[in-house]
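Observations on chain architecture
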Amino acid sequence: MPRLDFSRRDALRGLGGAGLLAALTGCGVPAAYVPEGRRASTDRSEREQSVVFSNWPLYIDTDEEDEESRPTLDAFSERTGIDVRYSEEINDNDEFFGKISPALMNHQETGHDLVVVSDWMAARFVHLGWAQKMDRSAQANVSRNLDPQLRSPAFDEGRLHTVPWQSGITGIAYNRKALGREIKSVKDLWRPDLAGKVTLFSGLDESFSLLMQGNGVDVTRWTESDYHRVCDQVEELVRRKHIRRFTGNDYTSDLSKGDVLACQAYSGDVIQLRADNPDIEFVVPEEGAELWAESLLIPNQARHKANAEALIDHYYDPETAAALAASVNYVCPVPAAREVLAGSEDKETAELAENPLIFPDEEMRKRLAVARDISTAERRTFAKRWNAIVGL
């Protein structure tokens, strides 16, 4: 299972990709939208049986006896004859965006056929016209098996340019034994017995949805006033020293050591934390929680688009999706994989089919929502205020 030493949904920090775009625009170099008809290069898929796939570290299944072997990728190559050049080079959304954006702005190849980025970063690619439309007629598994709740996010209606790699939930984790009570609501975080024992995510994109949901906001259509209300509340909580600090993925260490009793958390991390400490609970609050995805996309000018589409479809076969879910323990975007895991002869593997943090049940799904992303026009002002609050 993945280590807990970084967040795959890293915050917007420093200049980053957004700052790069703003700086270039200010210097008279526009980050122009690329229309659909100008995004493709000559597809070499038939004569070059390869695909270049870049992902986050420790975000794929590996062989227990050989960590360099990735069984689901090996199975794809054996079946299709397509060689997958796989790299774990994405450690930060903005860092990676800054690395490949000069090529994309100049209508050049990036050297990548397929990449995985967080949903808010995928939104940036889609809005800029830097992600190619996929051929769903060649992706029967995607069309048939993609989780209905993830089929049409606001940033990519109909999922024409992106497909979830894995999904997850941003909710609340807490140590029930140490706290001595249950947490059922976002408002429960602000009770006096948690003063100085709560952490929130430092990243704007990671934080705002859950906090808005605590105010009863429909995050699929939140407004600027909803955002500033959250900021006002968090500023007051900081002033009162109720919030211990703002974190990246290092919240897991704080919670494990007992330095905090409750925190914003990702569902996939808590599955791993509970393996060491069953007193740690994960909660989808009564008001709701954010369902997010990290998305596969094909950048403009990719050399092997058809091969990339075939690889994506491979991961939407329930057998393949089940193998990946059993390894990484995030919310599986292929509900049909649940039956595959349930039929496993291995008891621990079969039990994963009943884990609502991998396959949310209907009651939980009613409280999950895919948040509207922050627009380009909103981001600079919103990030400036949020970063001032959290000290970035």
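Before going into details, it helps to say that this report is about the structure given with it.

Moving on, we get to the pattern of salt bridges. Enumeration over the complete set of coordinates arrives at 25 salt bridges. Arg 191 is paired through a salt bridge with Asp 188; the nearest N and O atoms lie 4.0 Å apart. Between Arg 385 and Glu 235 there is a salt bridge, with its nearest N and O atoms 2.9 Å apart. Here Glu 235 lies in helix H8 (residues 224-239) and Arg 385 lies in helix H16 (residues 376-390), a separation of 150 residues in the sequence. What you see here is one network of salt bridges that share partners, running through Arg 44, Glu 109 and Arg 303.

Here H8 spans 23 Å end to end across 16 residues, near enough to the 22 Å set by a 1.5 Å rise per residue. Residues of H8 that are buried include every one of Asp 226, Tyr 227, Val 230, Cys 231, Val 234 and Leu 237, and no others. Taken around the axis of H8, the buried residues stretch over an arc of 135°, which confines them to a single face. Away from its buried face by more than 90 degrees, H8 exposes Ser 225 and Arg 239.

Attention shifts here to empty space enclosed by the protein. According to the stated counting rule, one finds four cavities of 30 Å³ or more in the structure shown. Roughly 160 Å³ of volume is contained in the largest cavity. As for the largest cavity, its lining consists of 17 residues, of which Asp 119, Trp 120, Glu 290, Ala 371 and Asp 373 are closest to the centre. Contributing elements (two or more residues each) for the lining of the largest cavity: helix H4 (119-128), helix H7 (204-214) and strand E9 (289-297).

A separate point is the side chain of Arg 44. Position of Arg 44 relative to the elements: it lies in the loop between helix H1 (16-26) and strand E1 (50-54). In contact with Arg 44, not counting residues within four places along its chain, are Glu 109, Arg 303 and His 304.

For the rest of this paragraph, the subject is the packing of aromatic side chains. Per the stated rule, a full pass over the model turns up 15 aromatic pairs. Here Phe 53 and Trp 165 contribute two aromatic rings whose centre-to-centre distance is 5.6 Å and whose plane-to-plane angle is 75°, an arrangement assigned as edge-to-face. Taken together, the positions of Phe 53 in strand E1 and Trp 165 in strand E4 (residues 162-175) put the pair 112 residues apart, joining distant regions of the chain. Comparing Phe 53 with Trp 165 shows no difference in burial state: the two are buried. Aromatic side chains Trp 222 and Phe 382 sit 6.0 Å apart centroid to centroid with 40° between the ring planes, which places their arrangement in the tilted category. Taken as a pair, Trp 222 in the loop between H7 and H8 and Phe 382 in helix H16 lie far apart in primary sequence, 160 residues in all. Under the relative-accessibility criterion, Trp 222 is labelled buried at 3%. A residue is classified by how much of its surface remains accessible, and Phe 382, at 2% relative accessible area, is buried. Each residue in the set Tyr 59, Phe 201, Tyr 251, Tyr 266, Trp 292 and Tyr 330 is aromatic and connected to the rest through ring pairs, giving one cluster.

Definitions and limits used
- Residues numbered from 1 in each chain as written.
- Predicted model: local features only at pLDDT ≥ 70, side-chain atom pairs only at ≥ 80, totals over all residues.
- Heavy atoms only, no water.
- Salt bridge = Lys/Arg side-chain N within 4 Å of Asp/Glu carboxyl O.
- Helix = DSSP H or I, 4+ residues; strand = E, 2+ residues; numbered from the N terminus.
- Expected span 1.5 Å × (residues − 1).
- Buried < 20%, exposed > 50% of the residue type's maximum accessible area, 1.4 Å probe, protein only.
- Arc of directions from axis to C-beta.
- 1 Å grid on protein atoms, 1.4 Å probe; cavity = no way out; pocket = protein on both sides within 12 Å on 5 of 7 lines; lining within 4 Å.
- Points joined across faces, edges and corners; volume = space filled by probe spheres on them.
- Contact = heavy atoms within 4.5 Å.
- Phe/Tyr/Trp six-rings, centres within 6.5 Å; stacked < 30°, edge-to-face > 60°.

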